[in-house]
Amino acid sequence: MSATELDASHNHSHGHDDHGHDHDHPAWLAHHFDDAEQQFDSGKLGIWLFLITEVLFFSGMFCAYAMYRSLHPEIWTFSSQFLNETLGAINTGVLLFSSLTMAWAVRCAMLGQNRGVVACTGMTIACAAIFLGVKAVEYSHKIDLGLLPAGFYVPQVAHPEHHEGLSKWLIYFMIVPGLLLVVLTAWYGQAVATANAVQKQIAGPLSVSALCFFLGVGLGLYLESGEAAEHGDKAHAAAADSHDAAHAEGDHAHEEAHASDAAHEPKDAATPAATESASTDSHADASHAADNEIISPDVNKPNAAGLFFSIYYCMTGVHAIHIIAGILVLTWVLVKAAQGQFHSEYFGPVDYVGLYWHLVDFIWIYLFPLLYLIT
Amino acid sequence: MAHSHANQHEHHEKSEGHAHAGHGHHGHHGFAHPSPIWQLLAVFFALLALTVLTVYQSTLDLGNMEIWASLTIATIKAALVILFFMHMIHDKPFNIIMFLGTLVFVALFLGFTLMDAHNYKDLIEPGSITPK
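Note that this is a predicted model, so its numbers are computed, not measured.

Rules of the game
- Residues numbered from 1 in each chain as written.
- Chains lettered and ligands numbered in written order.
- Predicted model: local features only at pLDDT ≥ 70, side-chain atom pairs only at ≥ 80, totals over all residues.
- Heavy atoms only, no water.
- Helix = DSSP H or I, 4+ residues; strand = E, 2+ residues; numbered from the N terminus.
- Buried < 20%, exposed > 50% of the residue type's maximum accessible area, 1.4 Å probe, protein only.
- Contact = heavy atoms within 4.5 Å.
- Axes fitted to C-alpha atoms, helices over the stretch in contact; angles between N-to-C directions.
- Parallel < 35°, antiparallel > 145°, perpendicular 65-115°, else oblique.
- Left-handed = near helix turned anticlockwise from the far one by under 90°.
- Expected span 1.5 Å × (residues − 1).
- Patch = residues over 30% accessible without salt bridge, like charges linked within 9 Å, V, L, I, M, F, W, Y side chains within 5 Å.
- Areas by Shrake-Rupley, 256 points an atom, 1.4 Å probe, with all protein chains shown as cover.
- Salt bridge = Lys/Arg side-chain N within 4 Å of Asp/Glu carboxyl O.
- Core = buried A, V, L, I, M, F, W, Y, C linked by side-chain atoms within 4.5 Å.
- Polar contact = N/O pair within 3.5 Å; in protein donor to acceptor, adjacent residues only side chain to side chain.
- Phe/Tyr/Trp six-rings, centres within 6.5 Å; stacked < 30°, edge-to-face > 60°.
- Disulfide = S-S within 2.5 Å.
- 1 Å grid on protein atoms, 1.4 Å probe; cavity = no way out; pocket = protein on both sides within 12 Å on 5 of 7 lines; lining within 4 Å.
- Points joined across faces, edges and corners; volume = space filled by probe spheres on them.
- Nonpolar A, V, L, I, M, F, W, Y, C, P; charged D, E, K, R; others polar.
- pLDDT = per-residue confidence, 0-100.

Notes on the overall build of chain B
Thought 1: Of the regular secondary structure elements, chain B holds four helices and zero strands.
Thought 2: Along chain B, from the amino end to the carboxyl end, the secondary structure elements read α-α-α-α.
Thought 3: When the 132 residues of chain B are sorted by exposure, 36% land in the buried category.
Thought 4: Taking all contacts inside chain B whose residues are at least 6 apart in sequence as the whole, residues at least 24 apart take part in 41%.

What follows is the structure, given as structure tokens:
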């Protein structure tokens, strides 16, 4: 036990006495528990019960996934190619690293190393922010392409439309983290100015985490642009194929006329896409001959591929909400650690939040191969 | 202060006495089981390696076996997370039974729904919802 922790528990004992509680009950032990271990075990039972409801809750979505995929594997093969494997893999690595720092935070808490808990939970929150930053790039990119849930899905055309500058959706996603970055940095500045050590330990990691969201966005944009050529090609081949299947003998003029005539296709995407498609069709068809064989035009429809994206957004979206909730509870742990509250008899909050965080990682471990890696 | 400190020592002795007699080297931490750093790092790198493996496996043409290959790798990863990061190896049997029991119920849920869906495949077509 370090000097700061002794001080902390000292202060708390005083606060306790003032409230007129039992003198033999330290502040960190709730009065209805006999001892620290009973308190810990009760909390542990509680968090496991909660995690079980989470598993059952997610299993409903996995059930929808399993049913739709087993009935229509071809829709999954087609739709999955619009997901960026590299970004998914990077996010998997980020989440695994955050699980490592989380498990390390629990170790530090058990050993009473509160500075270690601050550092480790800070890194965990930063990883969560990177994850959300990459996710924001993925989502905004898909929204721009019309890769939306069933009712809103836009059938994909031969060549995806390229947007100039930042997607407006990405800008929307950046508003809250941007405000948080400003507020937290100002709060950190105040802590430095007033030499408030505890506030510095809280505001510092949180400001860095807010910054890490933009690091994630940058990483996502960089990798998305790097993948754009290959990704575009794949989507191109897929859409070109469905186009070809419908109109086997389309020469340039014919195709263009068809594209502008087609009432069911979005007019902003169809015309330029068809023009470009004619010039690169032969290349795409040759290099993706294998892909083309398994893709039928039927799957490129709101009630087919669109349903894949309904499931995609539902599962990854609910997972992302869990990440945000994780950031909030991790912040609570960070505050307690900055105040030096944890020691070998009282580390429950770190352990419980850790269990929750690992479960969120656990869900992603299944989501990544099941959504991104379908071939 | 002295009071609360003495109290902690008393708890240390109590918890050492009855709960974790089998873990002698952790005895002085009471009910805490800090994972050794080498173990945390080993699990992390194993998880990373398995992620690389699952990405590589997705490039192979395994046909119908693909889903089972990726699910097997994911389950090994999940087991590593649960056993070591979530400390299930040190947890109470009751918590372990609850969690593993839940996985059994999830398997029943998915298994029976899938069996049912395939029995009525011609009638239930999730892909044939009327478009807008």
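Let's talk about the overall build of chain A
Thought 1: Secondary structure summary: chain A contains twelve helices and zero strands in total.
Thought 2: Counting helices and strands in the order they occur from the N terminus, chain A gives α-α-α-α-α-α-α-α-α-α-α-α.
Thought 3: Put simply, chain A has 375 residues, and 57% of those count as buried.

Some remarks on unusual backbone geometry
Thought 1: Look at A:Ala195: it is not a glycine, yet its phi comes out positive at around 55°.
Thought 2: Relative to the helices and strands, A:Ala195 resides in the loop between helix 6 (168–193) and helix 7 (197–246).
Thought 3: Positioned with a positive phi, B:His87 is a non-glycine residue whose angle comes to about 55°.

Here we look at the packing of helix 2 (residues 36–71) of chain A against helix 12 (residues 348–372) of chain A
Residue and element names in this part refer to chain A.
Thought 1: Put simply, helix 2 and helix 12 touch, their axes get as near as 10 Å, and they point 15° apart. Our classification of the angle between helix 2 and helix 12 gives roughly parallel. The handedness of the crossing between helix 2 and helix 12 is right-handed.

Digging into helix 3 (residues 65–85) of chain B
Thought 1: End to end, helix 3 of chain B covers 29 Å across 21 residues, agreeing with the expected 30 Å (1.5 Å per residue, within 8%).
Thought 2: Turning to helix 3 of chain B, its buried residues number three or more, namely B:Glu66, B:Ser70, B:Ile73, B:Ala74, B:Lys77, B:Ala78, B:Leu80, B:Val81, B:Ile82 and B:Phe85.
Thought 3: Tucked into the core, helix 3 of chain B has its buried residues touching helix 4 (85–110) and helix 12 of chain A together with helix 2 (37–59) and helix 4 (93–119) of chain B.
Thought 4: Looking at the residues trailing helix 3 of chain B, positive phi occurs at B:His87, about 55°.

Some details on a nonpolar patch on the surface
Thought 1: There is a patch of nonpolar side chains on the surface, built from A:Trp169, A:Tyr172, A:Phe173, A:Ile175, A:Val176, A:Leu179 and A:Leu180 and spanning about 660 Å² of accessible area.
Thought 2: Its place among the elements puts A:Tyr172 in helix 6.

Points about the packing of helix 5 (residues 114–145) of chain A against helix 12 of chain A
Residues and elements named next belong to chain A.
Thought 1: Where helix 5 contacts helix 12, the axes come no closer than 13 Å and their chain directions differ by 30°. Between helix 5 and helix 12, the interaxial angle falls into the category roughly parallel. Once helix 5 is placed against helix 12, the crossing between them reads as left-handed. Residues Val117, Thr124, Ala128, Phe131, Lys135 and Glu138 of helix 5 form the contact with helix 12, whose own contacting residues are Val350, Trp357, Trp364 and Tyr372.

Some details on the nonpolar core
Thought 1: Within the largest apolar cluster, 123 residues are counted, with the highest numbers of intra-cluster contacts made by A:Trp76, A:Phe309, A:Tyr312, A:Val350, A:Leu371 and B:Phe85.
Thought 2: With 18 residues, helix 12 of chain A is the single largest residue contributor to this core.
Thought 3: Discounting residues that sit within four places of it in the chain, A:Phe309 has contacts with A:Ser79, A:Phe82, A:Leu83, A:Lys142, A:Leu147, A:Leu148, A:Pro149 and A:Tyr153.

Focus on the environment of A:Ser140
Residues and elements named next belong to chain A.
Thought 1: Relative to the elements of secondary structure, Ser140 occurs in helix 5.
Thought 2: Each C-alpha atom, one on Ser140 and one on Trp169, is 5.2 Å from the other, the two residues being 29 residues apart in sequence.
Thought 3: Non-local contacts of Ser140, meaning those with residues more than four positions away in its chain, are made with Ser167, Trp169, Leu170 and Phe173.
Thought 4: Among the polar contacts listed, one links the side chain of Ser140 to the backbone oxygen of Ala136, at a separation of 2.9 Å.

Re the packing of aromatic side chains
All names here are of chain A.
Thought 1: This model, assessed by the stated rule, comprises 28 aromatic pairs over all chains.
Thought 2: Between Tyr65 and Trp76 the ring centres are 4.5 Å apart and the planes differ by 70°, which places this aromatic pair in the edge-to-face class. In this pair, Tyr65 is assigned in helix 2 and Trp76 in helix 3 (residues 73–80), connecting sequence segments eleven residues apart. Side by side, Tyr65 and Trp76 carry an identical accessibility label, which is buried.
Thought 3: Here the aromatic rings of Phe368 and Tyr372 are separated by 5.7 Å at their centres, their planes lie at 40°, and the arrangement is tilted. Of the two residues, Phe368 and Tyr372 are both situated in helix 12; the distance of four residues between them amounts to about one turn of the helix.

Here we look at the state of the cysteines
By definition, a disulfide links the sulfur atoms of two cysteines through a covalent bond.
Residue and element names in this part refer to chain A.
Thought 1: For the structure on display, the rule yields zero disulfides over all chains.
Thought 2: Not part of a disulfide, Cys127 finds its nearest cysteine sulfur in Cys212, a span of 7.6 Å.
Thought 3: Since its relative accessible area comes to 8%, Cys127 is described here as buried.

Looking at the pattern of salt bridges
Thought 1: This model, assessed by the stated rule, comprises three salt bridges over all chains.
Thought 2: Close ionic contact of B:Lys92 with A:Asp41 constitutes a salt bridge, the shortest N to O distance being 3.4 Å. Taken together, the residues B:Lys92 in the loop between helix 3 and helix 4 and A:Asp41 in helix 2 connect one chain to another.
Thought 3: The partly exposed category is assigned to A:Asp41, whose relative accessible area is 24%.

Observations concerning the layout of surface pockets
All names here are of chain A.
Thought 1: Within this model, the second largest pocket holds a volume of roughly 680 Å³.
Thought 2: If you go around the second largest pocket, you meet 22 residues; those closest to its centre are Leu132, Pro177, Leu180, Ile324 and Ile327.
Thought 3: Broken down by class, the residue content of the lining of the second largest pocket amounts to 18 nonpolar, three polar and one charged.

With respect to the confidence of the model for chain A
Residues and elements named next belong to chain A.
Thought 1: The predicted model of chain A has a mean per-residue pLDDT of 79, with 73% of residues at 70 or higher.
Thought 2: Segment residues 5–20: pLDDT under 50, and 21 contacts once partners within four positions in sequence are set aside and those in other chains are kept.
Thought 3: Taken together, the stretch residues 237–295 has pLDDT below 50 and engages in 56 contacts with residues farther than four places along the chain or on a different chain.

What about the confidence of the model for chain B?
Caution applies to low-pLDDT regions: their predicted coordinates should not be interpreted in detail.
Thought 1: Put simply, chain B has an average pLDDT of 77, and 69% of its residues get 70 or more.
Thought 2: Taken element by element, chain B is modelled with least confidence in helix 1 (residues 2–18) of chain B, mean pLDDT 42, and with most confidence in helix 2 of chain B, mean pLDDT 94.

Section: helix 12 of chain A
Thought 1: Spanning 25 residues, helix 12 of chain A covers 36 Å between terminal C-alpha atoms, matching the ideal 36 Å at 1.5 Å per step.
Thought 2: Counting buried positions over the 25 residues of helix 12 of chain A gives 25, a clear majority of the element.

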